Each structure stands twice: as C-alpha cells, then as structure tokens.
There are 2 protein chains.
Amino acid sequence: MKTNTLTPELLQKIDAYWCAANYLSVGQIYLFDNPLLKRPLLLSDIKHMLLGHWGTTPGQNFIYVHLNRIIKKFDLDMIYVSGPGHGGPAVVANTYLEGTYSEIYPDISQDEAGLQKLFLQFSFPGGIPSHASPECPGSIHEGGELGYSLSHSFGAVFDNPDLIVACCVGDGEAETGPLATAWQSNKFLDPITDGAVLPILHLNGYKIANPTVLARIEPEELDQFLRGNGWTPYYVEGHEPALMHEAMAATLDVVVEEIQRIRHEARVNGNTMRPRWPMIVLKSPKGWTGPTWVDGLQIEGTFRAHQVPLSDPSAHPENLKLLENWLRSYRPEELFDAEGKLKPELAELAPKGDRRMGANPHANGGMLLHDLIMPDFRNYAVNVPSPGSVKASDAHELGVFLRDVVKLNLEQRNFRIFGPDETLSNRLGAVFEVTNRQWDAREQDNDEFLAPDGRVMEMLSEHQCEGWLEGYLLTGRHGLFNCYEAFIHIIDSMFNQHAKWLKVTAGLAWRRPIASLNYLLASHVWQQMHNGFTHQDPGFIDHVVNKKASVVRVYLAPDANCLLSIWDHCLRSRHYVNVVIAGKYQAPQWLTMEEAIKHCTAGIGIWQWASCDAGVEPDVVMACCGDVPTLETLAAVSILRGRLPDLKVRVVNVVDLMKLQPQLEHPHGMSDTDFDTLFTKDKPVIFAFHAYPWLIHRLTYRRTNHDNIHVRGYKEEGTITTPFDMTVLNDLDRFHLVMDAIDRLPQTGDLGISLKRDLKDKLVEHRLYINKYGQDMPEIRNWKWQG
Amino acid sequence: MKTNTLTPELLQKIDAYWCAANYLSVGQIYLFDNPLLKRPLLLSDIKHMLLGHWGTTPGQNFIYVHLNRIIKKFDLDMIYVSGPGHGGPAVVANTYLEGTYSEIYPDISQDEAGLQKLFLQFSFPGGIPSHASPECPGSIHEGGELGYSLSHSFGAVFDNPDLIVACCVGDGEAETGPLATAWQSNKFLDPITDGAVLPILHLNGYKIANPTVLARIEPEELDQFLRGNGWTPYYVEGHEPALMHEAMAATLDVVVEEIQRIRHEARVNGNTMRPRWPMIVLKSPKGWTGPTWVDGLQIEGTFRAHQVPLSDPSAHPENLKLLENWLRSYRPEELFDAEGKLKPELAELAPKGDRRMGANPHANGGMLLHDLIMPDFRNYAVNVPSPGSVKASDAHELGVFLRDVVKLNLEQRNFRIFGPDETLSNRLGAVFEVTNRQWDAREQDNDEFLAPDGRVMEMLSEHQCEGWLEGYLLTGRHGLFNCYEAFIHIIDSMFNQHAKWLKVTAGLAWRRPIASLNYLLASHVWQQMHNGFTHQDPGFIDHVVNKKASVVRVYLAPDANCLLSIWDHCLRSRHYVNVVIAGKYQAPQWLTMEEAIKHCTAGIGIWQWASCDAGVEPDVVMACCGDVPTLETLAAVSILRGRLPDLKVRVVNVVDLMKLQPQLEHPHGMSDTDFDTLFTKDKPVIFAFHAYPWLIHRLTYRRTNHDNIHVRGYKEEGTITTPFDMTVLNDLDRFHLVMDAIDRLPQTGDLGISLKRDLKDKLVEHRLYINKYGQDMPEIRNWKWQG
C-alpha cells in the first residue's frame, strides 16, 4: 500500500472536514442553541430530551469525506447508502457541508441561524429521524430496519453502468439474514451493463449492547468469509486519524482503479469471467473521537458509545464541561467563519453540482424516471365469445403481455422482473422468448434462459428480490415482483418500510414520484395442489391495507382480460404499492376485453349476464372477489337459477378491493349511495372472497347493509388437494354458497329445503370420490357456465 | 480418506437399503396400486394427478441410510432435519423402512396393503404433504417455507449436550437470508453444555428451474465461504453409487470422530477455544438414479428432475414403460419379501428403538417437556396504594420475575430468552443478575454479560431468534422472544408456519403438546421517541389473529401487575402462540396484584374505581386496551368527570384481546350477553386501542352495540416525538377522546361545547410547546389520576 497518497496539506484539510462533520453530528445530538460555541456552553444550550446515536457516526463521516475525494479525483458518478442503524447525523452533516441540504431546505442556511435549526430539528419532536431518512438528500435507504443496504445498492446499479454505490454495511446489520445473503448479489451483476457496488464493511465492533459476530471471529475467517462471498477485501484498520486518512485514501484509490480495471476488462477486452469485485473493511472504534472515559467506564471503542455518550447534563452537571470539551476538540472556530459558514478551503473538498452525493439524481429517482414504452394491452385480449366459453391461464396471458413490455423496453433498459425462481412456475414463461435470467456465475450444459444481462432476476430469496426491486425503483426504473402468495409474507416488514418511505416522500415536493412497487401473486392460496397447507396464506392483503390508503392498492383479477387491464394500469402508475392476485391454471374466461376494461375501470360492478334481477331489486346478491371465488359463485348462481327459477339473483364482482371502503377512508372508496345501489340496503349478500373473510367485514362495517353480508373465504383449512376441494374445506364452494343463500332466503320454502338436502348429498359424494380417485368428480371438472 | 470403511457386504446392503428408499419414494409419487410390481405396470396403477418432487429425494435417502449406519456404529443420539423443499418422500420412506411409521400409523402396515396405502396417501387429496410435515415421525421441521433448517437445528441442540442434529441444507434454501445468516450460529454454541449440529450441504445444483449460487461458484470460493462461517467442510462428491457409499461412510466416520474430539477437548481437557465444527458438502446429481434422458432432454443431474420427471403416462404412453423400468431398476423383488416386508438383512441396518431417527423423542418434544419451576409471581407485585399513585416500568418489573424464572431453572436448563440485542433495551436487564448472554466467539475487555453458556440468546437477526426458539420449543423446552414491536414483522412468515405446525400437531394424538411460543413486544409503537416512523407498526396482532383461534392468544398489559399475571399464565401454557404487548417506560400503575389477577383472569372488565356509573347504565363507555391508551383514557375520564360531573362514565379495560370476539370464533370469546352487559346495547363506546383501529371493528362487528363503537388507534402518523405527542398525531390522546365522547353525547349541551373549545385550545398549546421545547407541557408530564 502506498503511504503518500495524500499531501500533508490535503491530509490536514480532509481531517478538518471530518472534524466539521463530527462537530455537526455532536451538535445535532445535543445543541439547542449556541451552535458555534461562541460563548461557553450553558445548560440552556442543551436539548431537553437527548435522543440520537453517536456510535456509527464518526466512522460514516470519515467514509463520506474520503468518498468526496475520490469522486473528485476520478470524476465518479457515486451515491452513498448508509446501512448501519442511526447514521442520520452523518448523512445530514455531510449533505449540509456539501451544500445540498441548504439548497433543498433554504431555511437551514449556511450560517449560524441555519446551524441552529439544523441542530434543533434532529431527533426532535416533529423534526427529522436519526436515520438516513427520506428527508435527507442523497438517501435511497433509510436504514431504520436493518439488513437491506446491500440489496438496495445492487438494485440501484442494475442498468446504471457508470454508477458506483458506496454502501456502508454495519457489522450489526451484517448479522441479519437479508444482509447475509445479499453479499452473493455479485453473481447477478454484469460488469458491462451494470454499475458497481463498493461495500464498506464498517467493523466498529458493537451493536446496541453486544459485540458483533464479524468483529469477533479470527481475521483469517473474516477474510475467507468475504472471499467466499466473491469479494476481494481491502482492510483499513486503526484509530490514529492521520494514519487512517492515508490508509483510507490509498485504499480507495486502489479499489476505484480495480473497479475501472474490471470494467475495462469486460467492456473493452470482452473478458466475461466473473470478477472478484473489491470491497473495503473499515475497522475503526465505535464512537471514534468521542469521549473516551466517563464515570470510570470506557466509552469510545465500546458498545457504550452507541447512543448518547454523555447523558443529560441537567442531571449530571459534570457532563456539561465534558461535552463542551468534546465539541471544542474539533476546533469549530477553525472550520467555520464568523457567520457560521464552512471555510472555503474546506468547502472546496466536496464535489460540485450533481456529483455531490446529496445531489446525485440517482438518489432522487423520480427525476430520472422515463415512462415505460407500453404495448397496447388490448392486443393481448383473450377472445371470449360468451362468458365461460373458453379457458385460459390468466398468468400465462399476462406473461405474453409482459414479454412485449420487456421487448419494447430492452433498449432503454428500465424494466425488470424479479422473483425467487418462480417466473416459470407462475406461468410467466413467455418472457423468456425475448430475454433471460441475469446470471453472472458459472453456466453449464442444460442451463435454460440464463445470460449475463437478462431482464429477469431470480434468486431464491424474497428479501433479495424485494430489496433489489426497491433499489431499482428508487433510482427511477420500473419492475414487478412475482411471488407465491404465501411467501410474500417473508418481506412483510420490507413492504412496511417501503410504504412508509412512499408516504413520507409523497409529502416532500423535491422528491419526485417513482414507479409503483408492483406485486404479482400468481400462485395463490387456492392453487397449491402439490404444496399444501404451508403454501396457503392469503393474509398479505390484510397486512397491506394497514398502510396509508394514499399508497396501497389491491386488485383481484377474475380472468385474463381483467388481469391485462389491471397491469396496464399498474405499470403506468406512480408512487403506489399495487398488489395483484391472479390465477395461473387454466380457468374459464368471463369478460371480453371491452367488458374487462369497463369493469376494471369501475373496479366493481354487477355482472348483468350472470344475474337475473333485470330492472328490479334482487332477492339475493352473490358477490365475489378473486378468480376461484368468482368461479364458485357463478357455479352457485347456475344452481340457484336452475333449481329456484323464481329467485332474483344479482352477481357483483369486485376487482379493486379498496372500492369497498368508504370514500373517506380510501381514495378509491365508493360512496354509500353507490354501495347501496350494488349491494342493496337490506337483502342478503353472500360474498365469496379470495382471502380471510373478516377483511371484507373490516372494509364494509360502516355500510348500510353490512349486517346482511355473509362472507366465505379462507379459514386456515386445507391440505394437498384440488382447488375445488380447497373451497369445500373452507366452505367457499358452490354448494356451500347456495346453502348459505337458502339459509337467508326463507321464501325459497320447500324448494330450498330440498335443494339444500341435495347439495349436502353432493358434498358427501364429492368427498367419497376425491378420496377414492384423487381428483374431482367429472361434473366438477367438466362444469361450464350455461347462462 | 480411508477407502475400506465399508466391507463389500455392508456396502452392498447399504446400497440395497438406499434402493428400497428410492423405490418407496418413486412409488409414493406415482403408484395408485401394484406397489410391489408383482405384475406389469398398467395405466390404472398410476395416480390420476401426479404431484410430488423427486429431485432432492434420492440424495436425502442416501444421507439417511448413512446416518443410520453411524448412529449404530457410535450409538448416537441423532435426529434429522430435512432442509430442502419437498423432501417428504425421503423422510416418509425411511421412517417406514425403520418401522416407526407403521408403529404410529398401524394401517400403513409393513406389507403389500400397507405399501399401497403409503403410496396412495402421498401428495394425494386429504393425504400427506410432500414436505417433512408434522405427520411424519422424526420431523421437527416441515420445510414448506425454506430457510429455517439450520436455525431449527441449533435450537434443538441447545442444552442437549448429547444430541447431534444432522441437518440437510438444500443449496436452493441456502440462498435465503435466514439460512445464510444461520451458518453463523456456531458462535452461539457451547461444546460443553450444548449438542452439535452436523450440516450436510446438499449441493445438487438446482432449485426449481435455475442453478444454485453455491453450486456455480468456484470450489475454492465455496470452501472459503464455509470456513469463513466457522466450519470445516468435508466433501463427498460424485455419482457412482459404490464410490459414493464408501466416500460418505468414511467421511461420516471422520466427522463424528471430530465432533467427539471437540467434545472431549472441551469437556475433559477444558479447552474453551471456539472449535471449527465439521460439516459435509454432498455433491450429487439432482434426481440421482432417476430417468437420465426423456424426450431428448437430460433429466438426471438437471433442474428438470425437480418435480415429477416422467409426466402423465395417460397422455404420454411411452412414459409408462420408462416408469416401470425406473421402478424395476431398484429390484424391489430383492428388497421386499413376498408379503411386502423389507427383508430382515436390510431391516437390521436401521438403529433400534428410540435410536431410530423417526422415533427419537427429541423430535416429539412434548414427550420430554418438563414444567418450568415457577416463582410465585405475586411476590413481584408492584405496591399500588391507590390507582395511579406510583409509577413503574412494566417491562422492568417483568424482568425481575423473569430473572427468577431463569434462576430457578438454571439446573434443569430448559428455559432461554431470545432477542436481537434488545433484552436491555426492552428493560429486562434484571436477568443479567443471574445469567449472561451465550457467546462463544472471542471476548474482550469491556464486554458485559457474555458467557459461553448464558441463558440469553442475542443475535441481530429476528430470523435466528425465532428459528432458534422454535427449535428449542419443538424439542421440549421453554422460552420467549423479546422484540421491538415493529420488527417482529420480520418473522411474520415464520410465525405463520409455526402456527400451522401447532394446528396440525394438535390433531395428531401421538404428538405431545409443546410449550407455547411466547412473544414479548416491549418497545412498542407509542414508545419510539428516538426511532420514529420506521419503528412504528402495531400490525403483528392483525397478522396473528388470522391464524386458527385454537392456537393464538393476544394480551395487552395496562400495567406491571397485569403483565406479571399474564406471563405467569403464558409460561405455563401449552401449544399456543402468546403475543404480549407491554410498555417499557415509567408509567402509572393502576391495579393491585389482587385486582390484576382478577382482571387478567376475566380478561376484560369494568374499572369501577375509574367509573361513575354506579348501579346504572352509563351515558358513555370509555374502553381501552394497551398501556398508553389506558393512560389516555383515564386522563380523558378525569377531564369528563371534572367538567361534566353529571355524566355517567364507565371505564372498560381489555387485557385479553380475544375476549372481544364471539364465543363461536374464539375459545376466549365472550357471550353476547356479557358483551352487552359491559358495553351496553346502545350507548356510545369510545375505544382507545393500542394498534390499528379497524382490528376492534373486525373483532366486534357482530356485537349488538357495534355501530356505536368508535375506535381510535394508530393510523400511520408519527415521527420522532414523545409518546403523548404520538397519541396526539393519531387522535388517540385524552383531548381527542373527550371530544369524541362529546360528539356522541348531545345531552352535554353547552357544557360540552365549551369543553370541546377548551380542548382544541389545549391541542394548539401542546403543539406550540413541544415544537419549542421538544417535550410535553408540564401539565401532561405531571398529570396524575385523581379519582
């Protein structure tokens, strides 16, 4: 390693800049006033509630100033991802120092008044959080929940061949599962068409109260671990600032040159061998440069530096002096001029304009967002001469459409499909006619649909799929995540954090809207023939609708044409989370494309062709939502119409679940009048629902006719069996639906009683048949809508 | 490596046993009848629906027969965890061959009739799943959702010093986050007091349709990866059965001797250096011994072997012959006698009695379950002279109780506390008076509360905490998981699978009940002062109540004495999931221990001391559930009683959330009469709830007075701020609650109107004050219940 990368003057300046960032960080945690320490520190200068985190901050400040140097030196296009928890003070301090913070928030000006506001707002009621939150320019990763920094970073560099994401990985964060598997992302990165991720494992040794695993294994093991994950680690280790500055600078020169060498090798020399990308291990004390000992206990370099090292000076007056000494140790008078502005010789260390990491447009992806080039989805219509007359796989038809979305956007390279090895299983195989799965590890005979730069990303990790996709969207591109319905719960908490990010950024005018996060759940609860109980869980919807109504949308497609219409909408939409549930097996098709568009635009509607209530109030409303419930409802209606010909039956189908909510609760919600018109004010409603039944009650409890809504859905009964038998086990099948209706229609009298008796026999017959033959009775398998 | 571990005779027998297991596996996937192939295979012998998975099966059969050998050779106490998806045929075949299957299911007898049933039930409607499901003896890990095999295995061996868990890890599964971090579990394993996990990484190269990452990196990288995770890998690689049998046998001898050496070194020689535990990498073809080529495509050794290699013979008649050849390639006539019983010279290869992996009691943990020795929780009571007169941290008080639970059970070593570095943060620090965190990596100065065999397990991975705890419970021990409320969503899907496991095993008489899975969520949505929005999510309850009512219980403690009473119950309970939410900050205490016991036993009740409706119907019911809502409700009641003295107010507090559901929906549900008695039939109910408000509607929509229940709860508003301000941001604060009541009480007239006006002013005053000083107004901070 060279030892003279930095001239003494530059080293001194870099150290001063680092001191400035550290000073601003401590100021954010403590200071209510007196931001430049122009007078001795008083108790009244200190915030009442001391909330914040020091531990990770000086290390991240150190990284940031050094990244600034190499961005300038190599004219790099680089953004920064702050992985460790509570790195807020560092990213706020640095984006303030480089000027972006004040450009976005002019009241946080580059002077004493601005400094005071900068300090006050941090971890203060109504202020900004202690994470790299959306309010902070340059951030695409809040890090409030740990583990997703590397996945987000890779998502950001896909299809951004000139971008480098410097990703600080906390050694606490590194213990999480998602981070542990994200090291492997380099098997899915093409050095030609993708950018580079530079992980900086920040080994400061401790999480909240414990040492970290990676800090307490042998150095040789750590080296093996990182190399085994496909990386070439470079080590920067120590605590003496001057030595550390030189080591970090020299190492960054080496790794940037190595990244450039890898790119040249691949892009110019055509070497397609998977490179061992460089990374840095930065081993520095937790709470570096902070108080070393307090009350006889070591602070710097221990877990005790995690939060606020010097506790409340009002209760511990001696800490006021210690704090003042600590703040003055950074010599603020040498860093800022009398007005409070960073001195120009230091300010010049930061890159200029969009090269500043806080101003890089990749970190405000909406600025770079281009619309997808969309094929006309009407061209993919399934021909439906009459309802139920043809069968198709809804997901397959969607796959053909998605194939052409991929194709049309191959050139602008801003659309990808993510999934845990389920794109074929979810019947989207048509996309492989025009693209492949991206795979940059070894290939061998018999591999199918692999290429170094495919548009489909498949790793058997829902966390990676979600994290990559989020990173891809946050940097201004488009995509979807296709997943088994039950296993999307694996990323429940990641969805939470993304939905929260969307909610907050929607309120920040300078943050431009990004493409929606789109889920396709195409292997759903009712279609787990060979997987059974463990694969049956439709509860993701319940989880999703807890988040802000302004952000979440849920669609259940009854057939392929509706599914196409829904996806055309989702792929054009912005700043939502769209959850789409669809079937993948051959199933009857109900609507022509024209009808489907009308139905999906309304989101809910009467299926007149299936109803027999022309012009009058029905006796009963048979409502359905989801493909399998729709099929069973129509079969039930067939029975009702055949056996109880005088009964006036209305069929209502729901595509856009949020239509059911009151207008005040969700922007898609129907008015009470419209709801009453569809569902009547007092007639029984038999509602066949895809998911857990109580969700319908939750959405409709304020509606006039709520007491008459009887919902069937999944109730945790099931096993290896046919989709029809699944409905039987959960009382959602046609026979139960008819019996439910009769129970609420005393006017059906003897006819109803006799029909119920027949249906009970049918259920027995079904059970005997399926137990014997392992499949449904022919009358079920061959059932067709007759109208 | 030795090359004569197996005599030719033994090698031949092991191979034959393997063939028998493979034959039974293929039979399970295909055969409806003709189980011994006594006659040529006919189409009618084949199941109608071919559902199942072959790919992983022959490899797992291979592992199982070799584990049988070393169990016998070394008299090992060993169980098997099947990590790869869809290993069902293998574990079913092997537990059948060793006899345990027929002992548990006598109708699946050791003869031709039994074989026919064994085959038919597999992946057949109403039969058994294709995973190592609860129905399969010897299983503690279903593996329907991938990623938890290693965590479960480690949980099983904690405090089982003689146990070895042989854990087959799929190379697809190895891509998941939870599995990736679980390799690090060896830093939390004490060779003296814990058993050993023997991971067998099954590198068969493919997941569903893709190659796997670990199979496509360089051998040197894989070696580094495993060593970097602290393991010493031994490789068994090839496809020629005879060579592979010898290699596997020799390797297993080596690794078992290595485990014994490590134990001896630690237990006898007192060497406490963290050992590098041995593991095996088994590289064998996917679908090994199955069809090699079909329709011009290679099957064996490719992803195409994943499911059913020969598709439906009714559509592809040529496949019938191929299938028959495949089945006959195992020479069933040499393996089974004419009655269909495994020949005795093969049967003797399996261990005897409880040494059989299917019969080992560790895999039916309820059989080994001992009650915890419990201190009398009444002794930990907070002294509450009158309601609200003292403050305490509920979680801290619980910690003192848990300390003594730990202490009393130190000797029987069957209780552990799990959490992601949050035991101190969650205020349970008292436990460190009697125990430590288990930590078997390097220690250094300034570490606190670490020891090689502590009772507290902290790794910054909710997946590991959950997986370890599940493994610990499933093998007959007790424990709890303490976690930040928002981040418990990280293991939503793991909870799902465990709840499903509990539901299914509750229906299997031979499976004994296990200790409940207990969650303590003590850093909850309202108390995230320095963490903010990302740390605010009370939705785990919504997720939990979707699962079977027979399994799930939810408790919200209003104070410390209630919390103690709840935990006494939870730690004694069996086969539930108990979710307990509690505060951790100093807060007013309401009930004496005697009152708390009465209140928690009822689960819900009128707080008469806070009400002023003696002997008559109230004008309004002020209901509350959760510590912060209870505080705000009581403060609201103070205001109401002070300003509207004629108003008859009733306070109802809910501890056991499931009390709200109808009796028919949940075993804890109240009768409608009781509900009406508490909540009246027609009076307004202002319900202050800890979590998302609609959950209360979902639970109560069938109740008489539902239309008058007005719920306040968390609605995704929040930031860094005080708990009180959090309630203001979400309209749950005392002032909003009073205004809500007045809005529904027109009889309060001018007094009400004037009170509302004053409260609006209060809210403005609050906002101004907190924005200025960063803390609540003195009247909020100093508020006390006056009665």
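Residues numbered from 1 in each chain as written. Chains lettered and ligands numbered in written order. Predicted model: local features only at pLDDT ≥ 70, side-chain atom pairs only at ≥ 80, totals over all residues.

Taking an unreviewed UniProt entry as the reference, chain A is identified by name as Probable phosphoketolase belonging to Methylovulum psychrotolerans. What UniProt records for chain A under Cofactor (unreviewed entry) is the sentence "thiamine diphosphate". Per UniProt, chain A has the following entry under Sequence similarities (unreviewed entry): "Belongs to the XFP family." (UniProt positions renumbered as here; feature names shortened; annotations may be inferred.)

**Overview of the overall build of chain A**
Broken down by element type, chain A carries 25 helices and 22 strands. Relative to its length of 787 residues, chain A is compact, with a C-alpha radius of gyration of 30 Å against a globular reference of 28 Å. With respect to the principal axes defined by its C-alpha atoms, chain A has extents near 95 × 65 × 45 Å. Here chain A holds 787 residues, and the buried ones make up 65% of them. Nonlocal contacts in chain A, meaning residues at least 24 apart in sequence, comprise 77% of its contacts between residues at least 6 apart. (Helix = DSSP H or I, 4+ residues; strand = E, 2+ residues; numbered from the N terminus. Rg over C-alpha atoms; globule rule 2.2 N^0.38 Å. Buried ≥ 20, exposed ≤ 12 C-beta atoms within 10 Å, placed from the backbone. Contact = placed C-beta atoms within 7 Å.)

**Observations regarding the relation of the copies chain A and chain B**
Expressed as a screw transformation, the operator carrying chain A onto chain B has a rotation angle of 180° and an axial translation of 0.0 Å, and the superposed copies differ by an RMSD of 0.0 Å. Here the two chains are linked by the operation of a two-fold rotation axis. In terms of proximity to the rotation axis, the leading residue of chain A is G177 of chain A, whose C-alpha is 1.9 Å off the axis. (Least-squares fit on C-alpha atoms with pLDDT ≥ 70 in both.)

**Overview of the interface of chain A and chain B**
Every contact between the two is made by 98 residues of chain A and, on the other side, 99 residues of chain B. If you list the elements that add at least two residues to the side of chain A that touches chain B, you get helix 7 (177-182), helix 8 (219-228), helix 15 (492-506), helix 16 (540-544), helix 21 (694-700) and helix 24 (749-773) of chain A. Among the elements that make up the side of chain A that touches chain B, the one with the highest residue count is helix 15 of chain A (7 residues).

**Looking at the nonpolar core**
Soluble, globular proteins show a tendency: their nonpolar side chains are buried together. By size, the foremost hydrophobic cluster in this structure holds 504 residues, and its most contacted members are A20 and V580 of chain A together with A20 and V580 of chain B. Beyond its immediate chain neighbours, meaning those up to four positions away, A20 of chain B contacts L97, L335, L342 and L346 of chain B. (Core = buried A, V, L, I, M, F, W, Y, C linked by C-beta atoms within 7 Å.)

**Details of helix 13 (residues 394-408) of chain A**
Three- or four-residue spacings in an α-helix give side chains the same orientation, since the helix completes a turn every 3.6 residues. Residues and elements named next belong to chain A. The terminal C-alpha atoms of helix 13 lie 22 Å apart, and with 15 residues this matches the ideal 21 Å at 1.5 Å per residue to within 8%. Burial of helix 13 is extensive: 11 of the 15 residues sit out of reach of the surface. Listed as buried for helix 13 are D394, A395, E397, L398, G399, F401, L402, R403, D404, V405 and V406. Residues of helix 13 that are buried make contact with strand 8 (391-393), strand 9 (415-419), strand 14 (517-523), helix 17 (560-572), strand 17 (586-588) and helix 19 (627-643). (Expected span 1.5 Å × (residues − 1).)

**As for the pairing of strand 19 (residues 620-625) of chain A**
Residues and elements named next belong to chain A. Extensive coverage of strand 19 is indicated by the burial of 6 of its 6 residues. Neither face of strand 19 is exposed, since V620, M622 and C624 on one face and V621, A623 and C625 on the opposite face are all buried. For strand 19 and strand 20 (residues 649-654), the ladder comprises 5 bridges, and the chain directions are parallel. Within the sheet, the bridge partner assigned to A623 lies in strand 20 and is V652. For the crossover that starts at strand 19, traverses helix 19 and ends in the parallel strand 20, the hand is right-handed. The pairing of strand 19 with strand 21 (residues 685-689) spans 5 bridges and is classified as parallel. Across the sheet, A623 pairs through a bridge with F687, a residue of strand 21. (Pairing = 2+ DSSP bridges. Right-handed = clockwise from strand over helix to strand, strands pointing away.)

**Observations regarding the sheet that holds strand 20 of chain A**
The strands making up a sheet associate through hydrogen bonds between their backbones, and the pairing can be parallel or antiparallel. All names here are of chain A. Ordered in space as 18-20-19-21-22, the 5 strands form an open sheet in which the pairing is mixed. The open sheet terminates on both sides in strands that have one partner only, identified here as strand 18 (604-606) and strand 22 (709-712). Neighbouring strand axes in the sheet, compared pairwise and without regard to direction, differ in orientation by 20° on average. (Axes fitted to C-alpha atoms, helices over the stretch in contact; angles between N-to-C directions.)

**Some points on the packing of helix 1 (residues 8-30) of chain B against helix 2 (residues 57-74) of chain B**
Residue and element names in this part refer to chain B. Close contact between helix 1 and helix 2 brings their axes to 9 Å; oriented N to C, the two are set at 140°. In this view, helix 1 runs oblique relative to helix 2, as classed from their interaxial angle. The element helix 1 and its partner helix 2 pack so that their crossing is right-handed. Across the interface between the two elements, I14, Y17, W18, A21, N22 and S25 of helix 1 pack against T57, P58, N61, F62, Y64, V65 and R69 of helix 2. The class makeup of the residues in the contact of helix 1 with helix 2 is 8 nonpolar, 4 polar and 1 charged. (Parallel < 35°, antiparallel > 145°, perpendicular 65-115°, else oblique. Left-handed = near helix turned anticlockwise from the far one by under 90°. Nonpolar A, V, L, I, M, F, W, Y, C, P; charged D, E, K, R; others polar.)

**Focus: unusual backbone geometry**
With glycine set apart, most residues show a phi of negative sign, and most peptide bonds adopt trans. Residues and elements named next belong to chain A. Positioned with a positive phi, D421 is a non-glycine residue whose angle comes to about 65°. Within the secondary structure layout, D421 lies in the loop between strand 9 and strand 10 (437-438). Accessibility expressed as a C-beta count within 10 Å gives 23 for D421, which makes it buried.

**Examining the sheet that holds strand 3 (residues 196-202) of chain A**
Residues and elements named next belong to chain A. Taken in spatial order, the 5 strands make up an open sheet running 1-2-3-5-4, and their pairing is parallel. Of all strands in the sheet, those with a lone pairing partner are strand 1 (77-82) and strand 4 (231-237), marking the two edges. Strand-to-strand twist in this sheet, taken as the mean axis angle between neighbours without regard to direction, amounts to 20°. In this structure, strand 2 (residues 163-170) lies alongside strand 3, joined through 7 bridges in parallel fashion. When the sheet's bridge partners are listed, C168 is paired in strand 3 with I200. Sheet contacts for helix 2 (residues 57-74): strand 1, strand 2, strand 3 and strand 5 (277-283); angle to strand 1, the most-contacted strand, approximately 175°.

**Some words on the pairing of strand 2 of chain A**
All names here are of chain A. With 8 of 8 residues buried, strand 2 lies mostly within the body of the structure. Side chains L163, V165, C167 and V169 of strand 2 all project onto a buried face; the interleaved residues I164, A166, C168 and G170 project onto the opposite face, where all are buried too. When strand 1 meets strand 2, the two strands line up parallel, connected through 6 bridges. In the strand pairing of strand 2, Y80 is matched with A166. Between the parallel elements strand 2 and strand 3, the chain passes through helix 7 in a crossover that is right-handed.

**Examining helix 8 of chain A**
The complete set of buried residues in helix 8 of chain A reads E221, L222, Q224, F225, L226 and G228 of chain A. Check the buried side of helix 8 of chain A and you find it contacts strand 4 and strand 5 of chain A together with helix 8 (219-228) of chain B. Backbone geometry just downstream of helix 8 of chain A places G230 of chain A in the positive-phi region, at approximately 95°.

**Quick look at the environment of R413 of chain B**
Residue and element names in this part refer to chain B. The residue R413 is located in the loop between helix 13 (394-408) and strand 9 (415-419) in this model. For R413, a count of 16 C-beta atoms within 10 Å gives the class partly exposed. It is 45 Å that separates the C-alpha atoms of R413 and D672, two residues lying 259 residues apart in sequence.

**So, the environment of C465 of chain B**
Residue and element names in this part refer to chain B. With respect to the helices and strands, the residue C465 is situated in helix 14 (residues 462-474). Taking the C-alpha atoms as reference, C465 lies 5.5 Å from F418; in sequence the two are 47 residues apart. Among all residues touching C465, those that are not within four sequence positions of it are F418, G419, P420, M457, M459 and F481.

**Observations concerning the environment of T289 of chain A**
All names here are of chain A. Counting through the fold element by element, T289 comes out in the loop between strand 5 and strand 6 (293-294). A count of 25 C-beta atoms within 10 Å places T289 in the buried class. Those residues in contact with T289 that lie beyond four places of it in its chain are N22 and P58.

**Some remarks on the packing of helix 23 (residues 734-743) of chain A against helix 24 of chain A**
A pair of packed helices is captured by two measures, namely the crossing angle of their axes and the spacing between those axes. Residue and element names in this part refer to chain A. Between helix 23 and helix 24, the shortest axis-to-axis distance is 10 Å and the interhelical angle comes to 155°. Here helix 24 runs roughly antiparallel to helix 23, going by the angle between their axes. In the crossing of helix 23 with helix 24, the sense of the turn from one axis to the other is left-handed. Contacts between helix 23 and helix 24 involve F735, V738, M739 and I742 from the former and G752, L755, K756, L759, K762 and L763 from the latter. Looking at the contact of helix 23 with helix 24, its residues break down into 7 nonpolar, 1 polar and 2 charged.

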